[in-house]
Amino acid sequence: MDPYTAAAPPTDEWEMEIDAIESPPPPPLLKEPPKIRRLDESVVNRIAAGEVIQRPVSAIKELVENSLDANSTSINVVVKDGGLKLIQVSDDGHGIRYEDLPILCERHTTSKLSTFEDLQSIKSMGFRGEALASMTYVAHVTVTTITKGQLHGYRVSYRDGIMENEPKACAAVKGTQIMVENLFYNMAARRKTLQNSADDYTKIVDLLSRFSIHHTNLSFSCRKHGAARADVHTVATSSSLDAIRSVYGVSVARNLMKVEASDDDPSSSIFEMNGFISNASYSAKKITMVLYINDRLVECSALKRAIEVVYAATLPKASKPFIYMTIMLPPEHVDVNVHPTKREVSLLNQEIIVGKIQSAVESKLRKSNETRTFQEQTMELLSSSPLVTRKDSHSSPSLPVSTGSRSQKVPVQKMVRTDSSDPAGRLHSYLDAKPLGEQESRNSLTAVRSSVRQRRNNPTEAADLTSIQLLIREIDSNSHCGLLDIVRDCTYVGMADDVYALLQHNTRLYLANVVNLSKELMYQQVLRRFAHFNGIQLSDPTPLQELIILALREEDLDPDSNENDDLKKKIAEMNTDLLKQKAEMLDECFCIHIDQDGNLGRLPVILDQYTPDMDRVPEFVLCLGNDVDWEEEKSCFQAVSAALGNFYAMHPPLLPNPSGDGLQFYQKSKPAGNPSDRESEHNSITHGFSFKSMNFEGNDKEMGDDIDEELLSEAKSAWAQREWSIQHVLFPAMRLFLKPPASMATNGTFVQVASLEKLYKIFERC
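Analysis parameters
- Residues numbered from 1 in each chain as written.
- Predicted model: local features only at pLDDT ≥ 70, side-chain atom pairs only at ≥ 80, totals over all residues.
- Heavy atoms only, no water.
- Salt bridge = Lys/Arg side-chain N within 4 Å of Asp/Glu carboxyl O.
- Helix = DSSP H or I, 4+ residues; strand = E, 2+ residues; numbered from the N terminus.
- Buried < 20%, exposed > 50% of the residue type's maximum accessible area, 1.4 Å probe, protein only.
- Phe/Tyr/Trp six-rings, centres within 6.5 Å; stacked < 30°, edge-to-face > 60°.
- Lys NZ or Arg CZ within 6 Å of the ring centre and 35° of its normal.
- Pairing = 2+ DSSP bridges.
- Contact = heavy atoms within 4.5 Å.
- Axes fitted to C-alpha atoms, helices over the stretch in contact; angles between N-to-C directions.
- Expected span 1.5 Å × (residues − 1).
- Arc of directions from axis to C-beta.
- Core = buried A, V, L, I, M, F, W, Y, C linked by side-chain atoms within 4.5 Å.
- Patch = residues over 30% accessible without salt bridge, like charges linked within 9 Å, V, L, I, M, F, W, Y side chains within 5 Å.
- Areas by Shrake-Rupley, 256 points an atom, 1.4 Å probe, with all protein chains shown as cover.
- Lys, Arg positive; Asp, Glu negative; His and termini not counted.
- Charge placed at Lys NZ, Arg CZ, Asp CG, Glu CD.
- Parallel < 35°, antiparallel > 145°, perpendicular 65-115°, else oblique.
- Left-handed = near helix turned anticlockwise from the far one by under 90°.
- Nonpolar A, V, L, I, M, F, W, Y, C, P; charged D, E, K, R; others polar.

Chemist: Please give an account of the pattern of salt bridges that cites residues and values.
Modeler: On inspection of all chains with the given rule, the structure shows 14 salt bridges. The salt bridge involving Lys61 is made with Glu65; its shortest N-O contact spans 2.8 Å. In this pair, Lys61 and Glu65 both sit in helix H4 (residues 56-69), four residues apart, roughly one turn of the helix. On the basis of relative accessibility, which here comes to 13%, the residue Lys61 falls in the buried class. Salt-bridge contacts for Arg366 lead to Glu362; the nearest nitrogen and oxygen are separated by 3.2 Å. You can see Arg366 and its partner Glu362 sitting in helix H11 (residues 350-370), four residues apart, about one turn around the helix. Residue classification places Arg366 among the partly exposed positions, given a relative accessible area of 42%. Taken together, the shared-partner salt bridges in this structure form one network comprising Arg55, Asp199 and Asp200.

See the structure below:
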């Protein structure tokens, strides 16, 4: 038998195996659908926050729009590490009511609307009440605010939409300051994608630039934390073109032309557009389009594409334009609630509106392209005298042919001079020219005011005035290099007494006179910020005459005496009339606003986060009237700057220090005789300023054991606020800006207390 045949299985077994192979597999078990769960509220809020606050610039846009809604006139932004470490937005708006602070950062809490129908006529920037709430879920938020009429402000921190603690009373400048720290600290993936802080800061600067050219009645500033100079610094101007010139540069502003379009046909569209577009001479690598619809900064991709098509078809090489447009429509024709960050809006009859604007731009651009002009650079012979260095208002402008989207920063050694009126490196300084006459070379305050008006929008030209340059040069040349090293690298230890602070520098310990240091720092800052101050708006304008009379009475040995009241009144009237005559110059150069009725309404901000002691305003006003030589420019500016320096210096508060022996002055006194003599302190409150002169030496009273808690609390707050300002405002600013004069080495401002090397020698002997 064949072995292979013998080994073959029987036919029945083959059939069984085939049947087993061909039989279909059993059907799979059916899985149940996934269960729908209700997300935890904290998860929902963090998801929503990530949608509203996409980048640091998103948070800043929301905060700035809140400041705009608060009717602010000044908005300041400070950023650290592109906004991830710190975002600080301060304004001088109406503030937030104390009663609203508990729900301020809850979701969907707002003062902008109450019903859904309000959206049809909404004019405010914000309306959802989500921005602040979203920030608290992805960052640590601190709010400091004060409203009109309050004696002090409140500071409170928020986390996950609720207050971390009760609001604490604190000193505050008018308005609101919101500080956002450690943004996206709990969103690791988002934070990793935002590590390029330079890119984010560029976006923030661009955002503030776009706000500033539209809101011309406001002042904006934006700087990096710790930086000496702001990257955006604008003041209120009369026109958008001036604001564009200040922010984007002369090369952009001179190549713009006005464009307008409108329609009032209810059957098609109702709108009004005006703005500026670049002409045929402008050239840039990418488009810059700033669009406002009903005063809201938005984007419109359809309009942007339509304008790009016009420029590509009209200009050679498809040049990229600069466009600033503001479109006004009836509120009911705009749907603002179509984007999480309110970046886009929906328009009624959008295609018709875009088409008409496109036609207006094309018509204007074709007319511009027919007559393209090139400006010629000219050369004028001017005096090479170093005393005449500022750009005179009557000199003819000379502009280069080349243009750009924005002025570029070039190292000094690589600069090519194209402006014949530029004071640095000009060629005609080597040529023989007739000297200017004596009358023309004299500095006058009238010419200064004219020059300041021209330069106020350009911070880089703030020190073009000869007198200011000379004063700053004197500061630099008189700086003591040894003290400068101490100031730059010192460590604040604490206050030794009311006037001296302890500093550590390397292995040495110093006593430093805080009053002298702060006075010199304020004086130098006034000169460096000349004509570019932000303002502290006083809630109630104060009559100069009453302030001067108060100051004159304070100088008397007996403030309650009525002797020489007529003489004091006459002096006050004369000084008030003088300051009213100089009001324009004081406002333009130093941001000291005096109205036509002789009321003081605004003071300058010399250091951010610091407000001077308002009890010293009368002394300051009297100093302006008595100590300033108004006829000579340099002496005038030096005296006003010194007066501001003395006023803003961190003097000890007028109330005695409540620590130690000072506590006895706050004990309530018991009358020894007539109850009508029961008056232990004299309060003089005039138009928002409080002046206290306490009777500490009266023999007609016996000191009691009770403490005047209200007055004691006020004193403790004033002294604590001063020490906080010294540590957190004065010394950081000193490290950045102060150049100590040589006189401080000998006049007792710095006194060495101990040296570690000498201490080691002493201990070695023991």
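Chemist: Describe the packing of aromatic side chains, listing the residues and the values that go with them.
Modeler: Two numbers describe a pair of aromatic rings. These are the distance of the centres and the angle of the planes. Taken as a whole and judged by the stated rule, the model has nine aromatic pairs. For the ring pair Phe647 and Tyr648, a centre distance of 5.0 Å and an interplane angle of 70° mean the geometry is edge-to-face. The exposure classification of Phe647 matches that of Tyr648, with both residues buried. By way of ring pairs, the aromatic residues Phe530, Phe590 and Phe637 are connected into one cluster. For the cation-ring pair, Arg190 lies above Phe184, with the distance from its terminal atom to the ring centre recorded as 5.2 Å. One cation-aromatic arrangement involves Lys258 over Phe276; the distance from NZ or CZ to the ring centre is 5.1 Å.

Chemist: Please provide a residue-by-residue account of the sheet that holds strand E22 (residues 599-605), values included.
Modeler: As summarised here, the arrangement of the three strands in space is E20-E22-E21, forming an open sheet in which the pairing is antiparallel. Two strands bound the open sheet, and with one partner strand each, they are strand E20 (534-543) and strand E21 (593-594). Bridge analysis of E20 against E22 gives six bridges, and the strand direction is antiparallel. Each bridged residue has a counterpart across the sheet, and for Ile536 the counterpart in E22 is Leu603. Strands E20, E21 and E22 of the sheet are contacted by helix H17 (residues 544-555), whose axis makes an angle of about 85° with E20.

Chemist: Give me unusual backbone geometry: which residues, what numbers.
Modeler: Residues other than glycine seldom take positive phi values, yet Asn182 does so here, at roughly 55°. The topology assignment puts Asn182 in the loop between strand E7 (175-181) and helix H6 (188-192). By relative accessible area, Asn182 is classed as partly exposed at 29%. Even without being a glycine, Asp295 presents a positive backbone phi close to 65°. Relative to the helices and strands, Asp295 resides in the loop between strand E12 (288-293) and strand E13 (296-298).

Chemist: Any chance you could break down helix H10 (residues 301-314) for me, citing the residues and the numbers?
Modeler: Over its 14 residues, H10 extends 20 Å from the first C-alpha to the last, a length consistent with the 20 Å expected when each residue adds 1.5 Å. Within the span of H10, buried status applies to Leu303, Ala306, Ile307, Val310, Tyr311 and Thr314. Down the axis of H10, the sector holding all buried residues measures 135°, keeping them to one side. Summarising the geometry of H10, the exposed residues directed more than 90 degrees from the buried face are Arg305 and Ala313.

Chemist: So what's going on with the side chain of Thr216? Residues and values would help.
Modeler: Secondary-structure assignment places Thr216 in the loop between helix H7 (197-214) and strand E8 (219-224). Those residues in contact with Thr216 that lie beyond four places of it in its chain are Val235, Ala236, Thr237, Ser239, Ser240 and Ala243.

Chemist: Let's hear about the sheet that holds strand E18 (residues 500-505): which residues, and what values?
Modeler: Read across the sheet, four strands follow the order E17-E18-E19-E27 without closing on themselves; strand pairing throughout is antiparallel. With partners counted over all chains shown, the strands left at the sheet margins are strand E17 (491-495) and strand E27 (750-755), one partner each. Mean inter-strand twist for the sheet, computed between neighbouring axes without regard to direction, equals 25°. Two elements, E17 and E18, share four bridges in a ladder whose sense is antiparallel. Of the residues in E18, the one forming a bridge with Met495 is Ala501. Helix H15 (residues 481-489) contacts E17, E18, strand E19 (508-513) and E27 of the sheet and is inclined by roughly 90° relative to E18. Helix H16 (residues 514-528) rests against E17, E18, E19 and E27 of the sheet, and its axis sits at about 70° to E19.

Chemist: Before we move on, could you go through the nonpolar core and cite the residues and values that matter?
Modeler: Counting 74 residues, the largest nonpolar core has Phe590, Leu600 and Phe637 as the members making the most contacts within it. Sort the elements by how many residues they give to this core and helix H21 (residues 633-648) lands first, with eight residues. For Leu600, the contacting residues outside a window of four places in its chain are Leu538, Pro541, Thr542, Leu544, Leu547, Ile592, His593, Ile594, Val617 and Val621. Membership of the second largest hydrophobic core comes to 60 residues, among which are Leu63, Leu132, Leu194 and Tyr201.

Chemist: An account of the environment of Gln54 is needed here, citing residue identities and associated values.
Modeler: On the secondary structure map, Gln54 appears in the loop between helix H3 (41-52) and H4. In sequence terms Gln54 and Phe184 are 130 residues apart; their C-alpha atoms lie 9.7 Å from each other.

Chemist: Can you explain a nonpolar patch on the surface? Please cite residues and give values.
Modeler: A cluster of nonpolar side chains, contributed by Leu39, Val43, Val44 and Ile47, occupies part of the molecular surface with about 340 Å² of accessible area. The topology assignment puts Val44 in helix H3. The exposure class assigned to Val44 is partly exposed, which follows from its relative accessible area of 34%.

Chemist: Break down a positive patch on the surface for me, with residues and values.
Modeler: On the surface, a cluster of positive charge is contributed by Lys203, Lys286, Lys304 and Lys320. You can call Lys286 exposed: its relative accessible area is 62%.

Chemist: I'd like a description of helix H14 (residues 466-477), backed by residues and values.
Modeler: Its twelve residues place the ends of H14 16 Å apart at the C-alpha level, agreeing with the 16 Å of an ideal helix rising 1.5 Å per residue. Against the buried residues of H14 lie H16 and H21.

Chemist: Any chance you could break down the packing of H17 against helix H18 (residues 565-581) for me, citing the residues and the numbers?
Modeler: As a packed pair, H17 and H18 sit with axes 8 Å apart at the nearest point and diverge in direction by 135°. By the angle between their axes, H17 is oblique relative to H18. Regarding H17 and H18, the two cross each other, and that crossing is right-handed. For the pair H17 and H18, contact is made by Leu544, Gln545, Ile548, Ile549, Leu552 and Arg553 and by Asp565, Lys568, Lys569, Ile571, Ala572, Glu573, Asn575, Thr576 and Leu579, respectively. Grouping the constituent residues of the contact of H17 with H18 by class yields seven nonpolar, three polar and five charged.

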